[in-house]
Every structure is written in C-alpha cells, then in structure tokens.
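# Breakdown of the fold
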Amino acid sequence: MACFQHSEAFSFQVATEDQAETDRLWQAIVGNGGQASACGWCKDKWGLSWQITPRVLTEALADPDRVAAKRVFDAMMGMVKIDIAGIEKARRGCEKQP
C-alpha cells in the first residue's frame with residue numbers, strides 16, 4: 001500500500017484580522033501536533049501546509065511606497081509566526097528593538 005505524502009505545492013492561506021486571531025489559529029495548528037516554519041507558514045499534524053497571514057501584512061507588502069514594502073518583507077523574513085506590531089513598525093520605518 002502506497003502512502004500519500006503532502007507537499008507545499010498545495011497549501012491553505014488564512015487571512016486574519018488581528019494578532020489574537022493569528023495567535024489562536026497558529027496555536028490550533030502548531031499546538032496540536034503541527035510544526036512551525038517561517039514567514040507565517042506551518043504544517044498541521046497531517047502534513048498539510050498553512051499560511052496564517054494577517055491582513056495588515058498583505059496590505060503592507062502592497063504599499064505603494066516600495067521602500068516601506070521592502071522593510072516589511074525583510075521583517076517578515078525574520079519571523080516564524082507573523083507579529084503584527086513588528087510589521088507595523090517596519091512599515092513606519094522604526095528600527096528593530098533589541
């Protein structure tokens with residue numbers, strides 16, 4: 001009997017409204033046998049890939065100010081679960097906190 005393996009070629013993206021919703025969904029996946037990855041990606045216990053994406057992130061990445069959008073992208077690349085406060089700071093151009 002062959003066993004089907006999931007791949008990142010198929011994934012779910014969930015747009016969240018705030019940090020509380022982002023945290024709740026993240027915990028529901030990662031905290032129940034899943035695995036955290038990078039940039040808001042995680043896998044559930046069955047190996048399906050999910051991207052938990054706050055709407056703030058999507059909007060910031062599409063900012064017409066391409067320098068601000070690049071700062072947001074760079075901040076996102078350093079995150080596992082997306083931190084909305086960190087995204088907003090990057091968009092405004094605030095320096096990283098130690």
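Residues numbered from 1 in each chain as written. Predicted model: local features only at pLDDT ≥ 70, side-chain atom pairs only at ≥ 80, totals over all residues. Heavy atoms only, no water.

Next up on the list: the overall build of the protein. Helix and strand counts for the protein stand at four helices and four strands. Listed N to C, the secondary structure of the protein is β-α-β-β-β-α-α-α in terms of helices and strands. Principal-axis analysis of the C-alpha atoms gives the protein an extent of 55 × 25 × 25 Å. Counting across all 98 residues of the protein, residues that qualify as buried make up 30%. Long-range pairs, those at least 24 residues apart, make up 52% of the contacts in the protein with a sequence separation of at least 6. Per element, the accessible surface of the protein, about 6500 Å² overall, is 56% carbon and sulfur. Each charge class in the protein was averaged separately, 12 positive and 13 negative side chains, and the resulting centres sit 3 Å apart. (Helix = DSSP H or I, 4+ residues; strand = E, 2+ residues; numbered from the N terminus. Buried < 20%, exposed > 50% of the residue type's maximum accessible area, 1.4 Å probe, protein only. Contact = heavy atoms within 4.5 Å. Areas by Shrake-Rupley, 256 points an atom, 1.4 Å probe, with all protein chains shown as cover. Lys, Arg positive; Asp, Glu negative; His and termini not counted. Charge placed at Lys NZ, Arg CZ, Asp CG, Glu CD.)

Quick look at the side chain of threonine 53 now. Summarising the element assignment, threonine 53 is placed in strand S4 (residues 49-54). Residue threonine 53 is classed as buried on the basis of its relative accessible area, which comes to 5%. With near-sequence residues (within four places) excluded, threonine 53 lies in contact with Gln13, Val14, Ala15, Thr16 and Thr58.

Let us now look at the packing of aromatic side chains. Scanning the entire structure with this criterion turns up two aromatic pairs. Considering the side-chain rings of phenylalanine 10 and phenylalanine 12, the 5.2 Å spacing of their centres and the 80° angle between planes classify their relative orientation as edge-to-face. Phenylalanine 10 sits in the partly exposed class, given a relative accessible area of 48%. (Phe/Tyr/Trp six-rings, centres within 6.5 Å; stacked < 30°, edge-to-face > 60°.)

Where helix H3 (residues 66-77) meets helix H4 (residues 84-92), the closest approach of the two axes is 7 Å, and the angle between their N-to-C directions is 145°. Considering how the two elements wind past one another, H3 and H4 form a crossing that is right-handed. Along the contact surface, H3 presents Ala68, Arg71, Val72, Ala75 and Met76, while H4 presents Ile87, Ala90, Arg91 and Arg92. Counted by class, the contact of H3 with H4 contains six nonpolar, no polar and three charged residues. (Axes fitted to C-alpha atoms, helices over the stretch in contact; angles between N-to-C directions. Left-handed = near helix turned anticlockwise from the far one by under 90°. Nonpolar A, V, L, I, M, F, W, Y, C, P; charged D, E, K, R; others polar.)

Moving on: the side chain of threonine 16. Take threonine 16: it is sitting in strand S1 (residues 11-16). A relative accessible area of 0% places threonine 16 in the buried class. Those residues in contact with threonine 16, other than ones at most four positions away along the chain, are Glu21, Thr22, Leu25, Ile52, Thr53, Pro54 and Arg55.

On their own, these measurements won't tell you what the molecule is for.
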